[in-house]
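Notes for the structure review
Listed here are the chains, written in short residue letters.
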Amino acid sequence: MSGKSDFTIPLIVSASIHIGVIVILVMGVDFSEKPKVVPQASAPAIQAVIVDQKRVNEQVEKLKAEKLATERKEKARQEELDRKAREAREAREREQQRIKKLEQERKQKEIETQNAAKAAQAAKLKEQQEKEKAAKAEAQRKKKEAERKAAEEAAAKAEAKRKAEEAAAKKAAEERKRKAEAEAKRKAEEAARREQERMMQEALAAEQAALSQTRNKQVMSEVQRYTSMIRATIQRHLVVDESMRGKSCRVFIRLAKDGFVTGNEIVSGDPVVCRATKAAINKAGRLPVSPEADVYNKLKEINLTVQPEFN
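The notes below deal with the structure included here. Starting afresh in each chain, residues are numbered from 1 along the sequence in its written order. Totals for whole chains, interfaces and linings use every residue, but because this is a predicted model, local features are given only for residues with pLDDT of at least 70 and side-chain atom pairs only at 80 or more, for both listing and counting. Based on all heavy atoms of the structure, the side-chain values leave hydrogens and waters out of the count.

A few points about the overall build of the protein
Numbering of helices and strands runs from the N terminus; a helix is a DSSP stretch of H or I covering at least four residues, while a strand is a stretch of E covering at least two. Check the secondary structure of the protein and you find four helices and three strands. Reading the helices (α) and strands (β) of the protein from amino to carboxyl end gives α-α-β-β-α-α-β. Residue burial is assigned from relative accessible area. The probe radius is 1.4 Å, only protein chains are included, and a residue is buried under 20% of its type maximum, exposed over 50%, and partly exposed in between. Within the protein, the fraction of its 311 residues that count as buried is 16%. When checking whether two residues touch, look at their non-hydrogen atoms; a contact exists if any pair is within 4.5 Å. The long-range fraction of contacts in the protein, counting pairs at least 24 apart against all pairs at least 6 apart in sequence, stands at 76%. Summed over its atoms, the accessible surface of the protein is roughly 24,600 Å², and 56% of this surface lies on carbon and sulfur atoms. Each accessible area is a Shrake-Rupley result for a 1.4 Å probe, and residues are judged covered by the shown protein chains and nothing else.

Next comes the structure, spelled out in structure tokens:
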């Protein structure tokens, strides 16, 4: 039991030393001095410390080398950052100088442009004034020329007006004379024309009356003839018996231009005769009509008396 306890103590001491070294290295402690000797607890512990010291020294050297490399890298990085910052500052200063120079050039050009504009405006104003002066002089010259021409034209117009008035007065007198003669001639011709027209109207009226009277006679003759033909056509289709003897029927008939019966109505008369008459008209279907318009117009709507005929 005692031997196991003696072996455990050196291990604990060795582990503690390693942990302590690592913490010190992390905190940046300088290990140039020799490590202090841990108080000896016993002979086995001293032996363990001596054995591990070599490893501790190697680890310490390695950590120092890594720290030195890290510090060098950090220094190089910081130098690079400083260089870049310096270059950026110098570039910014150069850019500011360039912008300042451009702004000065712009202002100078702006001043030059304004001066050129003012000079151009002054030249334009002077040119305009000279043009106005020349235009005014030209207007005065034209005005005087126009006044001279107006005076000459006025005199010429006055002379022309006088001559025109004299010619107009002469022409008016001649025109009045011509119109008076023409009016007298027109009135005479108008009177002769009216007399001739009156005589022609009287002759035409007499001729028209004679023709009308003759035509009326012809039309009435044709109307009577076609009325007889219509009545005969109805008689041919009329079915009679002894009960109809001495009786009649008055019927209204409407005809188309081709003689087609478009309507028929009983006006008065014996019912039996009227029925037979209506049947005969419907059976005939078409009745005789004149191709002459004035004859047809008197027959297109007629009242006809039908009386049965017996042999």
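Focus: the sheet that holds strand β1 (residues 249-255)
Strand pairing requires that DSSP identify at least two bridges connecting the strands. Spatially, β2-β1-β3 is the arrangement adopted by the three strands of the open sheet, whose pairing is antiparallel. The strands lining the two open edges of the sheet, one partner per strand, are β2 (261-269) and β3 (301-306). Each adjacent strand pair in this sheet contributes to an overall mean axis angle of 25°, direction not counted. Taken together, the six bridges between β1 and β3 define a ladder with antiparallel strand orientation. Looking at β3, one finds that R254 is bridged to E301. Contacts from helix α3 (residues 271-284) reach β1, β2 and β3 within the one sheet, and its direction differs from that of β2 by about 170°. Only C-alpha atoms enter the line fits that serve as axes; for helices the fit covers just the stretch in contact. Angles between N-to-C directions range over 0 to 180 degrees.

Details of the pattern of salt bridges
Whenever a carboxyl oxygen of Asp or Glu lies within 4 Å of a side-chain nitrogen of Lys or Arg, that contact is scored as a salt bridge. In this structure the tally under the stated criterion is 22 salt bridges. In this structure, R193 engages E190 in a salt bridge whose closest nitrogen and oxygen atoms are separated by 2.3 Å. Here R193 pairs with E190, and both are found in helix α2 (residues 43-237), just three residues apart, close to one helical turn. What you see here is one network of salt bridges that share partners, running through E190, R193, R194 and E197.

Quick notes on the environment of E301
Its place among the elements puts E301 in strand β3. Overall, E301 belongs to the partly exposed group, its relative accessible area being 46%. In this structure the C-alpha to C-alpha distance between E301 and L255, which are 46 residues apart in sequence, comes to 6.4 Å. Once residues within four sequence positions are removed from consideration, E301 is found in contact with F252, I253 and R254.

A word on the nonpolar core
Here, nonpolar core refers to any group of buried Ala, Val, Leu, Ile, Met, Phe, Trp, Tyr and Cys residues whose side-chain atoms link them within 4.5 Å. Among the nonpolar cores identified, the biggest contains 26 residues, and I230, I234, I253, L255, L287 and L304 are the most heavily contacted of them. Mapped onto this core, the elements with two or more residues apiece are α2, β1, α3, α4 (293-299) and β3. When residues of this core are assigned to their parent elements, the largest contribution, six residues, is made by α3. Among all residues touching L304, those that are not within four sequence positions of it are T227, I230, R231, I234, C249, R250, V251 and I253.

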